[in-house]
Each structure stands twice: as C-alpha cells, then as structure tokens.
Amino acid sequence: MRVKNFLLILLVTLPGILLGQRSIPSHGGVWVHDEAGVIDPSIKTELEYILKQERDSTSNQIGVLVIPSLDGDDIDEYANRVFKEWKLGQAGKDNGVLFLIALEDKKMRIEVGYGLEGALTDMRSSQINRNEVAPFFRQGQYGEGVKAGVMGIIQSIKGEYKNENPVKRIKKKRSPWVTIVIIIIFIIIASRRRGGGGGYWSSGGGFLGPMLGGGFGRSGGSWGSGSDFGGGGFSGGGGSSDSW
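From a predicted model like this one, the values you see are computed outputs, not experimental measurements. (Residues numbered from 1 in each chain as written. Predicted model: local features only at pLDDT ≥ 70, side-chain atom pairs only at ≥ 80, totals over all residues. Heavy atoms only, no water.)

Colleague: Requested: an account of the overall build of the protein chain, with residues and values cited.
Modeller: For the protein chain, the helix and strand inventory stands at six helices and five strands. Put simply, the protein chain runs from its N terminus to its C terminus through helices and strands in the order α-β-α-β-α-β-β-α-α-α-β. When contacts within the protein chain are restricted to residue pairs at least 6 apart in sequence, long-range pairs at least 24 apart make up 69% of them. Summing over all exposed atoms, the protein chain offers an accessible surface of approximately 13900 Å²; the carbon and sulfur share of this is 55%. (Helix = DSSP H or I, 4+ residues; strand = E, 2+ residues; numbered from the N terminus. Contact = heavy atoms within 4.5 Å. Areas by Shrake-Rupley, 256 points an atom, 1.4 Å probe, with all protein chains shown as cover.)

Have a look at this one:
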C-alpha cells in the first residue's frame, strides 16, 4: 500500500517538478551565451572567434553559458540537459564541452562529452575551474574568467595545460544504502528480462521508461549530418562542478 501511495504521489507531483525546471536558451548558432550580461562585448567577440578556430581545426565543439541563477536546479543536472539540448560535439565523436556559470549561486561546471573524457578529466576540469577561473570571478572579472576557463579547456584537450597549483580532491564516501538500492534495481531488471521483459521495471520503457529517457543508457541525440552545428549531445556526467 505504501508503494502504491508513493507512486501515486510521484505521478501527481512529477509534472510540476518538470515544469519547474529552468528553461534552456536556444543554441541558435551562438557559442557564447551571456544570459547575465556580464561579459564585455569585445571579450565575447574574441571568445566566439577562438571557439570557431577550435571547431575548424579540431572539430571539437565548446559552448559557454552564463546564467544569473540556477533557480533551484542542480547544476550537474542542468548542465547535462543543456549539453543534450545543444547537442554539443559531432555525431559519432561526442567531442563537445559545455562551460556553465551560475553567478548568484557562485557555481560553475565543465560538462565533458564522452569523446573528450580521456583528455579533459574530472580532475583537470576542477583544476581549471579553481585555479584559472575562480580568481577572476572573486574579483568580479567575469569576462576574463570565462576566457581563462575556455583557454584552459582548449589547452587541456591539446595536452598543453600546465597546473601550477594542484588541487587535492576529497573522495566522498558513498552511503551503503546507495549500493543496496543499485543491487536491488539490477536484480529486478535481470529477473524481468529472464521472465520475458515488460512491466513497470523493464529497461526498455514501461512505467519508468518515459521518465528516465527510455532506460538506463546515456543521454543525448543527433541532429544528423545536415546541421550547421551540433550532432553529439552524449555526456556521461564527466567534468567537474565547483564554487568560487
């Protein structure tokens, strides 16, 4: 009975939760979106040129989004939604990167596509955020900070980034309940598959499928070869979220 009540509450509240998510600006062929109006026009023009040069020479697609606030959203989830919506990276390569900054929350995230995770690791992303970007942001020099972040990303992808101030990250301990829940989910999925599939917990859809994007795969999509930009959009959560 408790499970049924929980599912009923979930069905009632989920639409409101989804509608309350922060909107995503249209890409529109613009690679530096300054929704907060804090980047000097000359720096924005320079960044657009730098990012175009990167796309032309390497095919890597880097997008920048500066917003006033997350409006209560989680920065990791919002970055992943923007990455997916903008379809950063080329189809089949997934060589896209999103640099997201939320000013009022004092948070920033580098979201990395699958194809660049080997070069732009989580640790390296955090080093760029903390060592290159944060010092500028603390002084209110947002345009300079964004530029420093973009240059750090490009240099890291090329293997030329040098970290003068290593950041030691503390590994968070995961609750044992998380492991237990994961094991239970996999057991349920495996048992359903052996029994012919289908039902609420099938990995291909059912009750939870539409909510979770059609299963437990990675997020993303493709615009096809005819698009002027975008074709990737696949990110497994690689990168780093940091504050300043």
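Colleague: Pulling in residues and values, what's your account of unusual backbone geometry?
Modeller: A positive phi angle is found at D94, which is not glycine, with a value near 50°. Examined against the element boundaries, D94 turns out to sit in the loop between helix 3 (75–86) and strand 3 (96–102). Its identity is not glycine, yet K106 carries a phi of approximately 55°, on the positive side. Position of K106 relative to the elements: it lies in the loop between strand 3 and strand 4 (107–112).

Colleague: Describe the packing of aromatic side chains, listing the residues and the values that go with them.
Modeller: One pass over the structure, following the stated rule, counts two aromatic pairs. Measuring from ring centre to ring centre gives 5.4 Å for F137 and Y142, while their planes differ by 55°; the resulting arrangement is tilted. Residue class for F137 comes out buried when judged on its relative accessible area of 3%. A residue is classified by how much of its surface remains accessible, and Y142, at 24% relative accessible area, is partly exposed. Taken together, a centroid distance of 4.8 Å and an interplanar angle of 70° make the contact between F137 and W244 edge-to-face. Separated by 107 residues along the polypeptide, F137 in helix 4 (residues 122–138) and W244 in the segment after strand 5 (238–243) bring together distant segments of the chain. (Phe/Tyr/Trp six-rings, centres within 6.5 Å; stacked < 30°, edge-to-face > 60°. Buried < 20%, exposed > 50% of the residue type's maximum accessible area, 1.4 Å probe, protein only.)

Colleague: Account for the packing of helix 2 (residues 41–58) against helix 5 (residues 142–158), with residues named and values stated.
Modeller: Contact geometry for helix 2 and helix 5: axes closest at 10 Å, N-to-C directions at 10°. By the angle between their directions, the pair helix 2 and helix 5 is classed as roughly parallel. For the pair helix 2 and helix 5, contact is made by I43, E46, L47, I50, L51 and E54 and by G143, E144, V146, K147, V150, M151, I154 and K158, respectively. Class assignment for the residues of the contact of helix 2 with helix 5 results in eight nonpolar, one polar and five charged. (Axes fitted to C-alpha atoms, helices over the stretch in contact; angles between N-to-C directions. Parallel < 35°, antiparallel > 145°, perpendicular 65-115°, else oblique. Nonpolar A, V, L, I, M, F, W, Y, C, P; charged D, E, K, R; others polar.)

Colleague: Before we move on, could you go through helix 4 and cite the residues and values that matter?
Modeller: Owing to its 3.6 residues per turn, the α-helix aligns residues three or four sequence positions apart on the same side. End to end, helix 4 covers 22 Å across 17 residues, agreeing with the expected 24 Å (1.5 Å per residue, within 8%). Bending of helix 4 peaks at approximately 30° at the position of E132, with proline P135 no more than four residues after it. Where helix 4 is buried, its residues touch strand 3, strand 4, helix 5 and strand 5. Where helix 4 terminates, the next one or two residues include G140, which has phi positive at roughly 75°. (Expected span 1.5 Å × (residues − 1). Bend = angle between axes of the 7 residues up to and from the residue.)

Colleague: Could you give me a rundown of the nonpolar core, with the residues and numbers involved?
Modeller: Counting 43 residues, the largest nonpolar core has L98, F99, I101, V146 and I153 as the members making the most contacts within it. Not counting chain neighbours up to four residues away, the residues in contact with F99 comprise G63, V64, L65, M108, R109, I110, N129, V133, V146, G149, V150 and I153. (Core = buried A, V, L, I, M, F, W, Y, C linked by side-chain atoms within 4.5 Å.)

Colleague: Report on the side chain of R109, specifying residues and quantitative values.
Modeller: Residue placement: R109 occurs in strand 4. Within the local environment of R109, its side chain forms a polar contact with the backbone oxygen of G238, the two atoms lying 3.5 Å apart. A distance of 2.9 Å separates the side chain of R109 from the side chain of S241, its partner in a polar contact. Sequence-distant contacts of R109, that is, excluding residues within four places in its chain, are made with I75, D76, A79, L98, F99, L100, N129, G237, G238, G239, S240 and S241. (Polar contact = N/O pair within 3.5 Å; in protein donor to acceptor, adjacent residues only side chain to side chain.)

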